[in-house]
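Below, each chain spelled out in residue letters.
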Amino acid sequence: MNPSVKNKIKTIRELRNYTQEYMAYQLGITQAGYSKIEKGKTTLSYVKLEEISRILEVSIEDIISFDSQRYFKGLHTPNYNNNINSHTSCNVLKGLYEDKIKLLEKLLNKTESELDHYKNRYGPH
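Cut-offs applied
- Residues numbered from 1 in each chain as written.
- Predicted model: local features only at pLDDT ≥ 70, side-chain atom pairs only at ≥ 80, totals over all residues.
- Heavy atoms only, no water.
- Helix = DSSP H or I, 4+ residues; strand = E, 2+ residues; numbered from the N terminus.
- Buried < 20%, exposed > 50% of the residue type's maximum accessible area, 1.4 Å probe, protein only.
- Contact = heavy atoms within 4.5 Å.
- Core = buried A, V, L, I, M, F, W, Y, C linked by side-chain atoms within 4.5 Å.
- Patch = residues over 30% accessible without salt bridge, like charges linked within 9 Å, V, L, I, M, F, W, Y side chains within 5 Å.
- Areas by Shrake-Rupley, 256 points an atom, 1.4 Å probe, with all protein chains shown as cover.
- Salt bridge = Lys/Arg side-chain N within 4 Å of Asp/Glu carboxyl O.
- Lys, Arg positive; Asp, Glu negative; His and termini not counted.
- Charge placed at Lys NZ, Arg CZ, Asp CG, Glu CD.
- Axes fitted to C-alpha atoms, helices over the stretch in contact; angles between N-to-C directions.
- Parallel < 35°, antiparallel > 145°, perpendicular 65-115°, else oblique.
- Left-handed = near helix turned anticlockwise from the far one by under 90°.
- Nonpolar A, V, L, I, M, F, W, Y, C, P; charged D, E, K, R; others polar.

1. Describing the overall build of the protein chain
A tally of helices and strands in the protein chain yields seven helices and zero strands. Taking all 125 residues of the protein chain together, the buried fraction comes to 27%. Taking the contacts inside the protein chain whose residues are at least 6 apart along the sequence as the reference set, 56% of them involve residues at least 24 apart.

Here it is as structure tokens:
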């Protein structure tokens, strides 16, 4: 696998706030097996890359062309609104962070629900 592709997969996964365990579960493999993908210790088939892109909710082309420096520099470049690619990059990052916020809100709601369940079951202490 192209060394940069594994890094791009890892970066996008982290931006989505997905763990290796989550990715492995979605792919039907072990966390160790998924880790080998990100470390480049196993061959990544096109089919597996398609599955990863589906889980990350990006196209294969987005993974291959992902340039974190361009995305992050675009956020701080004074004239980035004049640059269509940087503007698009900003929108993509915004979407990723909005998705991350939604996931964190779901996790918080689930945690609060579980806490309420335990309070009702065992009483407040």
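2. Some words on the nonpolar core
Ranked by size, the top nonpolar core spans 21 residues in total, and within it Ile9, Met23, Tyr34, Ile52, Leu56 and Ile63 carry the most contacts. Sorting the residues of this core by element identifies helix 1 (3–15), helix 2 (20–27), helix 3 (31–39), helix 4 (46–56), helix 5 (60–65) and helix 7 (84–122) as the ones contributing at least two each. For Ile9, the contacting residues outside a window of four places in its chain are Tyr34, Glu38, Leu44, Leu49, Ile52, Leu56 and Ile63.

3. Some points on a positive patch on the surface
There is a patch of like positive charges on the surface, built from Lys10, Lys36, Lys39 and Lys41. Looking at where Lys41 falls in the secondary structure, it is placed in the loop between helix 3 and helix 4.

4. Quick look at the pattern of salt bridges
Under the defined criterion, the tally for this structure stands at three salt bridges. The partner of Asp99 in a salt bridge is Arg16, and the shortest N-O contact between them spans 2.1 Å. Placement of Asp99 in helix 7 and of Arg16 in the loop between helix 1 and helix 2 is noted, with a sequence separation of 83 residues between them. What makes Asp99 partly exposed here is its relative accessible area of 24%. We classify Arg16 as buried; its relative accessible area is 5%. Here the residues in one salt-bridge network are Arg13, Glu14 and Glu38, joined through shared partners.

5. Details of unusual backbone geometry
Even without being a glycine, Asn17 presents a positive backbone phi close to 65°. Along the chain, the position of Asn17 falls in the loop between helix 1 and helix 2. The backbone of Glu57 shows a phi angle near 60°, a positive value even though the residue is not glycine. Of note, Glu57 is situated in the loop between helix 4 and helix 5.

6. A short note on the packing of helix 2 against helix 4
Closest axis-to-axis distance for the helix 2/helix 4 pair is 10 Å, and the angle between their directions is 120°. Classified by the angle their axes make, helix 2 and helix 4 are oblique. Here the hand of the crossing between helix 2 and helix 4 comes out right-handed. Contacts between helix 2 and helix 4 involve Tyr22, Met23, Gln26 and Leu27 from the former and Lys48, Glu51, Ile52, Arg54, Ile55 and Leu56 from the latter. Residue composition of the contact of helix 2 with helix 4, grouped by class: six nonpolar, one polar and three charged.

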